[in-house]
Amino acid sequence: MKRFVFALLAVMALSVSGVRAQTEAGTTVIYPRIGVNMFKIPGDEVYMSAGSYVTSKNKVGFTAGVEVEHRFLRYFAASAGLMYSMQGTGYEDSEIIYHDDNYMQLKDVKLTSHYLNLPVLAILYMGNSGFSIKAGVQFGFLMSAKFDNYLDEGSVIDGEPVSDTHPETMTVTNGLNRFDFSIPLGIAYEYRNFSMDLRYNLGLTKTWKFFSKKNRGISLMLGYGFTL
């Protein structure tokens, strides 16, 4: 994930081709945003059977919504938004042996969770460069969650080989906490009405009800500003 963040920051820096026109203090701008997430639940382990488990890895998702920003001072602003976010975590492929007649090869194991997030951010503009840094709080509300895995070819169930990939899905909404609180930290670049926003979300509340692991992830979003 660190390499991914550094690469995105480099692209943002190299993309600077001009200076954004200075927004006056007292201006309010609305930003529709769309982008991608890369989330995981670090250290999460899902136990399957007889001590076997799968460990977490990064999962890519989708995010979209709208934020309203008000410029209080020349270089200081604040924003609030309403964002849909597909989060969750992926899990490593695993081989699980129940007994002699049951051998499972699990692939594409993942938790997919759907959140409605309300980010509230303070924004500090770095002169007239178009760059800004952001920090604040985010209130997340879980809408639904499911757990998916695939039995790959080569698996054996009750002594019979699995002839093709077999998907399995479980709804696990009740196993997750409905409220998710996090600290978003970010950097953005604006040119004219366009913006590119990179944020790291540091989860502070438990994702699962019965485990202490928390959401972590980055979001890369593109937006277009409309002055009100």
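Starting afresh in each chain, residues are numbered from 1 along the sequence in its written order. pLDDT decides what is reported in this predicted model: residues at 70 or higher carry local features, side-chain atom pairs at 80 or more are listed and counted, and totals for whole chains, interfaces and linings draw on all residues regardless. Side-chain figures throughout are based on the complete set of non-hydrogen atoms in the structure, without hydrogens or water.

J.: Honestly, the pairing of strand S14 (residues 214-224) in this entry has me stumped. Any pointers?
T.: Walk down a regular strand and you will see the side chains alternate between the two sheet faces. The pairing of strand S1 (residues 28-40) with S14 spans eight bridges and is classified as antiparallel. Directly across from Val36, in S14, lies its bridge partner Leu220. Any two strands with at least two DSSP bridges between them are considered paired. Runs of H or I in DSSP of at least four residues are treated as helices and runs of E of at least two as strands, each being numbered from the N terminus. As paired elements, strand S13 (residues 194-206) and S14 share ten bridges and run antiparallel to each other. Within S14, the position partnered with Leu202 by the bridge is Arg216.

J.: It is not clear to me how the confidence of the model for the chain should be interpreted in this structure. Could you clarify?
T.: Low pLDDT means the predicted atomic positions in that stretch should not be read closely. Scored by pLDDT, the chain comes out at a mean of 84, with 75% of its residues at no less than 70. Of the regions scoring below 50 in pLDDT, residues 11-21 engages in 21 contacts with residues more than four places distant in sequence or in other chains. pLDDT measures how confident the predictor is about each residue, on a scale from 0 to 100. Pairs of residues are marked as contacts when any of their non-hydrogen atoms sit within 4.5 Å.

J.: What's the story with the nonpolar core in this structure? I'm lost.
T.: A general tendency of soluble globular proteins is for nonpolar side chains to be buried together. Among the buried residues, those of types Ala, Val, Leu, Ile, Met, Phe, Trp, Tyr and Cys that are joined through side-chain atoms within 4.5 Å form a nonpolar core. Think of it in three bands: with a 1.4 Å probe and only protein chains considered, a residue is buried below 20% of the maximum accessible area for its type, exposed above 50%, and partly exposed in between. Ranked by size, the top nonpolar core spans 14 residues in total, and within it Tyr91, Leu111, Phe147, Val172, Leu176 and Trp208 carry the most contacts. Secondary structure elements with two or more residues in this core: strand S7 (102-125) and strand S8 (131-151). Broken down by element, this core gets its largest block of residues, four residues, from S7. Each residue touching Val172, except ones within four places of it in the same chain, is listed here: Leu111, Ala145, Lys146, Phe147 and Trp208.

J.: What's the story with the environment of Leu198 in this structure? I'm lost.
T.: Positionally, Leu198 belongs in strand S13. Exposure remark for Leu198: the relative accessible area of 5% places this residue in the buried category.

J.: Help me understand the pairing of S13 in this model?
T.: The pairing of strand S12 (residues 179-191) with S13 spans ten bridges and is antiparallel. Bridge assignment links Leu185 to a residue of S13, and that residue is Tyr200.

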